[in-house]
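# Close look at the chain arrangement
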Amino acid sequence: ATFKSYVDQFNLPCEIETQEYSLLTDTIDSISNGINNENPDVVGFSSYIWNINEIKRIIPNLSSKINILGGPQVTGIEKKLLSENKDLDIIVTKGGEGPFLELMKHFAEGDGNLSNIPGITTRDFQNPIGKEVSLEDIPSVYPEIFKRHPFAECVSIETSRGCPWECAFCAWGDERGLRLGSVDRVK
């Protein structure tokens, strides 16, 4: 939802939709069908340790032209994921809002060259990570969440990104420290 919120403020000639699924209640087929029913040109996934294997099983079922994978679980294994998954086209490393905006510009307007977008990996190249978008520059996702789910009883609030610990075994362990949102933003 933060990607949509961030990109929507730039009024690009593209339509971005978000969908939520639960690995507890949805099947690989129902998720694949739900995505395909939207007839998307581009599909992106946020991958974490708890959903990466299922995402790798969903992607081959999609009719989209381009499949993008991002999230903390892809850092350091971008080329391996691309070589093992022929239906995966682009991987976004680290904070994805900036690269996602540039990708949407590229696809919607033909702006620039993919090889100029920081933080993405394709089968042909791997670009260095660029500057992360400040949490203050990402419009709040909560009005949209409450519009879509008016009777929600519980909503998680993102107040920071990163981790205060430095555990060597963790997939998020290479992101040192926290990036905090301001109190006003959280309010």
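Up top is the structure these notes are about.
All of the points below concern the structure found in this document. It should be emphasised that the depicted structure is a prediction, and the values quoted were computed from it without experimental measurement.

On to the pairing of strand E1 (residues 42-46). Both faces of the sheet carry side chains from a regular strand, because those side chains alternate between them. Residue alternation in E1 divides its side chains into a buried set, Val43 and Phe45, and an unburied set, Val42, Gly44 and Ser46. Where E1 lies against strand E2 (residues 66-70), five bridges are found, and the strand directions are parallel. Bridge pairing links Ser46 to Gly70 in E2. The β-α-β motif built from E1, the intervening helix H3 (residues 52-58) and the parallel element E2 has right-handed crossover chirality.

For the rest of this paragraph, the subject is a nonpolar patch on the surface. A contiguous nonpolar surface patch, about 350 Å² in accessible area, is contributed by Leu23, Ile49 and Trp50. Relative to the helices and strands, Ile49 is located in the loop between E1 and H3.

With that out of the way, let us pick up helix H5 (residues 97-109). The end-to-end C-alpha separation of H5 is 18 Å, in line with the 18 Å expected for 13 residues at 1.5 Å each. Along H5, the residues classified as buried are Glu97, Gly98, Pro99, Phe100, Leu101, Leu103, Met104 and His106. Residues of H5 that are buried in the fold lie against helix H1 (2-8), E1, E2, strand E3 (90-92), strand E4 (120-121) and strand E5 (160-163). Immediately beyond the C-terminal end of H5, within one or two residues, lies Gly110, with a positive phi of roughly 70 degrees.

What counts as what
Residues numbered from 1 in each chain as written. Predicted model: local features only at pLDDT ≥ 70, side-chain atom pairs only at ≥ 80, totals over all residues. Heavy atoms only, no water. Buried < 20%, exposed > 50% of the residue type's maximum accessible area, 1.4 Å probe, protein only. Helix = DSSP H or I, 4+ residues; strand = E, 2+ residues; numbered from the N terminus. Pairing = 2+ DSSP bridges. Right-handed = clockwise from strand over helix to strand, strands pointing away. Patch = residues over 30% accessible without salt bridge, like charges linked within 9 Å, V, L, I, M, F, W, Y side chains within 5 Å. Areas by Shrake-Rupley, 256 points an atom, 1.4 Å probe, with all protein chains shown as cover. Salt bridge = Lys/Arg side-chain N within 4 Å of Asp/Glu carboxyl O. Expected span 1.5 Å × (residues − 1). Contact = heavy atoms within 4.5 Å.

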